[in-house]
Amino acid sequence: MAWMRDEYEKITKTYAPAMITGKPLTYGGSRGRDTATARGGFFILQELVDRDALDPQELRVAIQGFGNAGGTMAIFLHQAGYTVIAVSDSQGGIYCPEGLDPIRIQKYKKKTGSVTGEYCKGSVCDIEKMKLDHVRRVTNEELLELPCDMLIPAALDNVVTAENASRIQARYIIELANGPVSPEADAILEKRSVTVVPDVLANAGGVTVSYFEWSQGRSGEQWTDEKVDHELRRIMLDAYKAVRRTARREKVSYRTAAFLVGVQRIVAAMRARGWV
């Protein structure tokens, strides 16, 4: 992104720090951008838990994907008292009903390239060590169907489909990835009263802090970590409350409510400009 900005400025012969986002902090980037997607999703999840009068210490969470979004979310949840029972990356995952330590897993992933790296080298695993830690290896597909309270798909799209939706045991799904639940699966989950927080709401933290970066580039300011966190929390919770309110009033799913809120805001802006 720094290269893109640099090339644009050379071509246009302008100073344009706001022309693109995701830049390094030293070249016009924003603090908090690296963890923004997970942070925004965490704010939404916490508010959902509070509104539904749930106890974080009683909630078991499975996370598919251990990259910038999933891995960071796992650490946030672990530090907040949730029990993260399973995580995975492209090479598979590990499951422990008693809970995992995402910070420890992240350490071994950096060292070995996989979340299973503490126990396995390729397809060869230290079975005795896994038994000692009450851990077993699972595939990405198996992780989705584990007994848990919350499932967070944070990697690929269309991982929850019409074929496996009926076997999902989670009561809540937080879409940290883009489009992880197919439309057909969405209908099945709704009939089963599984609450799905859609990607358009749950993973909006990343683009929100990109907006902060653009704003800082335009103004020449450099926000503190505290300001970024405060503004991200405010915007994410305002969005969540609007969606939840619409879902309750119209008796629709969170996904439908999010689309209703979005379309209403677009129409309001069009009317203000005299387009409709």
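Preceding block: the structure.
Residues numbered from 1 in each chain as written. Predicted model: local features only at pLDDT ≥ 70, side-chain atom pairs only at ≥ 80, totals over all residues. Heavy atoms only, no water.

Mind showing me how you'd approach the pairing of strand S1 (residues 60-64) here?
Within a regular strand, side chains alternate between the sheet's two faces. With respect to burial, S1 is a largely interior element, four of its five residues being buried. Where S1 lies against strand S2 (residues 83-89), five bridges are found, and the strand directions are parallel. The partner of Ala-62 across the bridge, within S2, is Ala-86. Note on the crossover from S1 through helix H3 (residues 70-79) to S2: the handedness is right-handed. Pairing of S1 with strand S7 (residues 150-153) involves four bridges; the strand directions are parallel. Looking at S7, one finds that Ala-62 is bridged to Leu-151. (Buried < 20%, exposed > 50% of the residue type's maximum accessible area, 1.4 Å probe, protein only. Helix = DSSP H or I, 4+ residues; strand = E, 2+ residues; numbered from the N terminus. Pairing = 2+ DSSP bridges. Right-handed = clockwise from strand over helix to strand, strands pointing away.)

I would appreciate a short explanation of the environment of Arg-244 in the present structure.
Structurally, Arg-244 is set in helix H10 (residues 225-250). With 47 residues separating them in the primary sequence, Arg-244 and Val-197 have C-alpha atoms 9.9 Å apart. Residues contacting Arg-244, with those up to four places away along its chain left out, are Leu-48, Arg-51, Asp-52 and Tyr-254. (Contact = heavy atoms within 4.5 Å.)

Just to check I follow, could you spell out the packing of helix H2 (residues 36-51) against helix H9 (residues 205-219) for this structure?
Relative placement of two packed helices is described by the angle separating their axes and the distance separating the axes. At their nearest, the axes of H2 and H9 sit 6 Å apart, and the two run at 120° to each other. Our classification of the angle between H2 and H9 gives oblique. Relative to H9, the crossing made by H2 is right-handed. Seen from H2, the contacting residues are Ala-36, Thr-37 and Gly-40; seen from H9, they are Gly-205, Gly-206 and Val-209. Of the residues contributing to the contact of H2 with H9, the split by class is two nonpolar, four polar and no charged. (Axes fitted to C-alpha atoms, helices over the stretch in contact; angles between N-to-C directions. Parallel < 35°, antiparallel > 145°, perpendicular 65-115°, else oblique. Left-handed = near helix turned anticlockwise from the far one by under 90°. Nonpolar A, V, L, I, M, F, W, Y, C, P; charged D, E, K, R; others polar.)

Looking at this structure, I do not really get the sheet that holds strand S8 (residues 172-174). What am I missing?
Strand pairing in a sheet is mediated by backbone hydrogen bonds. Such pairs are either parallel or antiparallel. If you walk across this open sheet you meet the seven strands as S6-S3-S2-S1-S7-S8-S9, and the pairing is mixed. Among the strands making up the open sheet, the edge pair consists of strand S6 (136-138) and strand S9 (195-197). Between one strand and the next, the sheet's axes are offset by a mean angle of 20°, whatever the strand orientation. For S2 and strand S3 (residues 92-95), the ladder comprises four bridges, and the chain directions are antiparallel. Among the inter-strand pairings, Ala-86 is bridged to a residue of S3, identified as Tyr-95. Packing of H3 onto the sheet brings it into contact with S1, S2 and S7, and relative to S1 it is tilted by some 165°.

Please explain the nonpolar core as it appears in this structure.
Soluble globular proteins tend to bury their nonpolar side chains together. If you look at the biggest cluster of nonpolar residues, it comprises 52 residues, and the most contacted ones within it are Leu-45, Ile-63, Met-73, Leu-77, Val-87, Ile-152 and Val-197. Aside from chain neighbours lying at most four places away, what touches Leu-77 is Phe-42, Leu-45, Val-61, Ile-63, Tyr-82, Val-84 and Ile-152. By size, the runner-up hydrophobic cluster in this structure holds 21 residues, among which are Ala-62, Ala-86, Ala-185 and Val-194. (Core = buried A, V, L, I, M, F, W, Y, C linked by side-chain atoms within 4.5 Å.)

Would you mind going over the state of the cysteines with me for this structure?
In protein structure, a disulfide is the covalent linkage between the sulfur atoms of two cysteines. For the structure on display, the rule yields one disulfide. Through a disulfide, Cys-120 is tied to Cys-125; the S-S separation comes to 1.9 Å. Of note, the bridge from Cys-120 to Cys-125 carries an S-S torsion of about 105° and is right-handed in sense. The class for Cys-125 is partly exposed, based on a relative accessible area of 22%. (Disulfide = S-S within 2.5 Å.)

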